[in-house]
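Tertiary structure, described
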Amino acid sequence: MLSASRNHLTRCLRTAVAARQVSVRQFHPSASRLGGSITRHEVWRDDNEQDNLPKVKRRDGSIAAIEKKRGFVDYHRNPDPYRDPLDRVFDWGEIKTDEGHDEVERKVQAARCMDCGTPFCQTHTGCPVNNLIPEWNELVYKGQWREAIDRLHKTNNFPEFTGLVCPAPCEGGCVAGLVDKPVTIKNIEYAIVERAWEEGWIIPRIPQYRSGMSVAVVGSGPSGLAAADCLNQMGHKVTVYEREDRIGGLLMYGIPNMKLDKEKVLRRVDMLREEGIEFVTGTHVGKDLAIEDLRANVDALVLTLGSTVPRDLRVPNREANGIHFAMEFLTKNQKRLMMTREGRLESGWDKSFITAEGKDVIVVGGGDTGTDCIGTSMRHRCKSIVNFELMPRPPNERAPHNPWPQWPKIYGMDYGHAEVQAVFGRDPREYSVMTKEFVKDQQGNVKGLVTVNVEVSAKGITPIPGTEKEWPADLVILAMGFMNPESTIPSGLSLDVDQRHNIRADYGDYRTNVDGVFAAGDCRRGQSLVVWAINEGRGVAESVNKFLIEKSEVTEDEAYIGAM
């Protein structure tokens, strides 16, 4: 059966290759990113030794040296492309091209930045960490890359992560987007940090002094790592606890390798370790290590647990075999890849690995996680794949109730959708669809789903009678988001939680109802973006540092009084 399905996919791939001229670019306005050759502005250089600066062709057809004053008018947006979908589905390498833009094209793209009086890209409508975007765009335009990474690191601990996986709300708030397409902010950010790594500008920063205060951070996702980085630089002794076998949390196991190569995560973790942060893996705080014991042995406790309880689909036959949560599917796949990378034999793989090979796959739920499940299934050589979304298809342009500088809620094709389009010739998404029940065979395995079309209105979601349909499925992946953190640690510390069962702590303060215990990231705010996790990690570090300063002052006063 698997051989037949593999042959089926092979035929699809051959057909797609033969029809390569039917490019995915037809299906998305920014599809130059989704796969294809690199395009750049046309460049000329004069023979004149006194004027050998590169000159580029402008929109009006004229040829002149690169200028920033009218850059957003003179030059078109040209984002870094992804690798061709028909090439990248055969491996787990990153979807971005290795070459990227050269320095001339990067300067052209930086020249499109308008240096606005009010840069919405770095306000609350844009970048959550308030990146100094116009400043480092200007530095890239001037060729001052070393200064650019310094400005970038002032607000973002891990730009190599956000430069790859962030959906770029900064670009949604870009003022140039009012009349044209926004600046390629995300690409420039990633180009800055990768050049800094290549040039050796990112080196260990060993704190010059130590406060004598200790902090435990539980959870090593982007929020925990950002908090640990900042607290370590403030001079405190930081220990990060992670229940998995590797540091990184969502960055390591929740985001697949084709979006974020794990060597980049390990590179940054190794740097943090060299700077003095201690990492403890394979320790489930609350089970392997009593949470009260941990709290009693540190001066402050930071909880960055993530939002790990998935939203379930409680319909008939939910207990059927072959129905899995997205994070289970993605995590086991990434662990399998890590085993391969470390040279272990296939016979040593965990038998619980979930494969989509040769199967009719249905992914329930959209968003980044749903797309990652689609991309992973394609690399497993699935037989077919469909993606159900409850909401209706977004419009092609901004709706009146979704004005700039809000994030544009418009139709687009992400990398996973583009891969299905390239191989199977169609967008995998089915909109306005709700699952009524699962269908299972006599052995208890899922063999299909029954759905009904729905109408979404101000009154809610209404099923449309007579639209029921049964879909074949050997593997169903539930990617409907997450609800809250697991209750082990919050209940163990008697922490207050909100109505959604997230840990209660005010944004900007991050203190819980228990003295010396702080919460940040998804376990506090609910599931969100990596860049928001970094924002909260940086914020909680400031709050913890203030608490530790106050604590040390009280301790000093008590010691002085005791000596009298």
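This write-up is about the structure you can find in this document. (Residues numbered from 1 in each chain as written. Predicted model: local features only at pLDDT ≥ 70, side-chain atom pairs only at ≥ 80, totals over all residues. Heavy atoms only, no water.)

**Quick word on the overall build of the protein chain**
Assigned secondary structure in the protein chain consists of 19 helices and 19 strands. Long-range pairs, those at least 24 residues apart, make up 69% of the contacts in the protein chain with a sequence separation of at least 6. With an accessible surface of roughly 25,900 Å², the protein chain has 50% of that area assigned to carbon and sulfur atoms. (Helix = DSSP H or I, 4+ residues; strand = E, 2+ residues; numbered from the N terminus. Contact = heavy atoms within 4.5 Å. Areas by Shrake-Rupley, 256 points an atom, 1.4 Å probe, with all protein chains shown as cover.)

**Comments concerning unusual backbone geometry**
A cis amide bond links W404 to the next residue, P405, at an omega of 5°. Assignment of secondary structure puts P405 in the loop between strand 11 (384-388) and helix 16 (415-424). Of note in the backbone geometry, N317 takes a positive phi value of approximately 70° without being a glycine. Positioned with a positive phi, Y510 is a non-glycine residue whose angle comes to about 70°. Relative to the helices and strands, Y510 is located in the loop between helix 17 (488-492) and strand 19 (517-519).

**Some thoughts on the sheet that holds strand 11**
Spatial strand order, 9-17-10-11-12: five strands in an open sheet with parallel pairing. One side of each edge strand has no neighbouring strand; the edge strands of this open sheet are strand 9 (323-325) and strand 12 (429-430). Note that strand 10 (residues 360-364) and strand 11 share five bridges and pair parallel. Of the residues in strand 11, the one forming a bridge with D360 is S384. (Pairing = 2+ DSSP bridges.)

**Details of the sheet that holds strand 4 (residues 214-218)**
Backbone-to-backbone hydrogen bonds join strands into a sheet, with any given pair of strands oriented parallel or antiparallel. If you walk across this open sheet you meet the five strands as 6-5-4-7-19, and the pairing is parallel. Where the open sheet ends on each side, the last strands, each with one partner, are strand 6 (278-280) and strand 19. Averaged over all pairs of adjacent strands, the angle between strand axes in this sheet comes to 20°, irrespective of strand direction. Where strand 5 (residues 237-241) lies against strand 6, three bridges are found, and the strand directions are parallel. Following the sheet pairing, V240 is matched in strand 6 by F279. Those strands touched by helix 10 (residues 222-233) are strand 4, strand 5, strand 6 and strand 7 (300-303), and its axis lies near 165° from that of strand 5. (Axes fitted to C-alpha atoms, helices over the stretch in contact; angles between N-to-C directions.)

**A word on the packing of aromatic side chains**
Here the structure, examined in full by the defined rule, presents six aromatic pairs. Ring geometry for F388 and W471: centres 5.1 Å apart, planes at 70°, overall edge-to-face. Separated by 83 residues along the polypeptide, F388 in strand 11 and W471 in strand 16 (residues 469-472) bring together distant segments of the chain. Overall, F388 belongs to the buried group, its relative accessible area being 2%. A relative accessible area of 11% means that W471 is categorised as buried. Among the aromatic side chains, those forming a connected cluster through ring pairs are Y507, Y510 and W532. Over the ring of Y141 we find K107; its NZ or CZ atom is 5.1 Å from the centre of that ring. Cation over ring: R525 sits above W532, and NZ or CZ is 4.1 Å from the ring centre. (Phe/Tyr/Trp six-rings, centres within 6.5 Å; stacked < 30°, edge-to-face > 60°. Buried < 20%, exposed > 50% of the residue type's maximum accessible area, 1.4 Å probe, protein only. Lys NZ or Arg CZ within 6 Å of the ring centre and 35° of its normal.)

**As for helix 5 (residues 133-141)**
Among the nine residues of helix 5, seven are classified as buried, and the element is accordingly described as predominantly covered. I133, P134, W136, N137, L139, V140 and Y141 are the residues of helix 5 that are buried. Of the surrounding elements, those touching the buried residues of helix 5 are helix 4 (103-111), helix 6 (145-153), helix 8 (169-172) and helix 9 (185-199). Positive phi shows up at G143, right after helix 5, with a value of about 80°.

**A closer look at the packing of helix 4 against helix 5**
Helix 5 packs onto helix 4 with a crossing angle of 140° between their chain directions and a minimal axis gap of 8 Å. One finds that helix 4 runs oblique with respect to helix 5. As helix 4 packs across helix 5, the resulting crossing turns out to be left-handed. In this structure, helix 4 contributes R106, K107, A110 and A111 to the contact, and helix 5 contributes N137, V140 and Y141. By residue class, the composition of the contact of helix 4 with helix 5 is four nonpolar, one polar and two charged. (Parallel < 35°, antiparallel > 145°, perpendicular 65-115°, else oblique. Left-handed = near helix turned anticlockwise from the far one by under 90°. Nonpolar A, V, L, I, M, F, W, Y, C, P; charged D, E, K, R; others polar.)

**A short note on the packing of helix 4 against helix 9**
In the contact formed by helix 4 and helix 9, the axes pass within 10 Å of each other and the chain directions differ by 135°. Considering their axes alone, helix 4 and helix 9 lie oblique with respect to each other. Crossing of helix 4 over helix 9 shows left-handed handedness. Seen from helix 4, the contacting residues are E103, R106, Q109 and A110; seen from helix 9, they are N187, I188, A191 and R195. Considering only residue class, the contact of helix 4 with helix 9 consists of three nonpolar, two polar and three charged.

**Side note on the pairing of strand 4**
With respect to burial, strand 4 is a largely interior element, five of its five residues being buried. Two strands pair when backbone bridges link them, and strand 4 and strand 5 are joined in this way by five bridges, in the parallel orientation. Looking across to strand 5, one finds that S214 is bridged to K237. Where strand 4 lies against strand 7, four bridges are found, and the strand directions are parallel. What sits directly across from V217, in strand 7, is V302.

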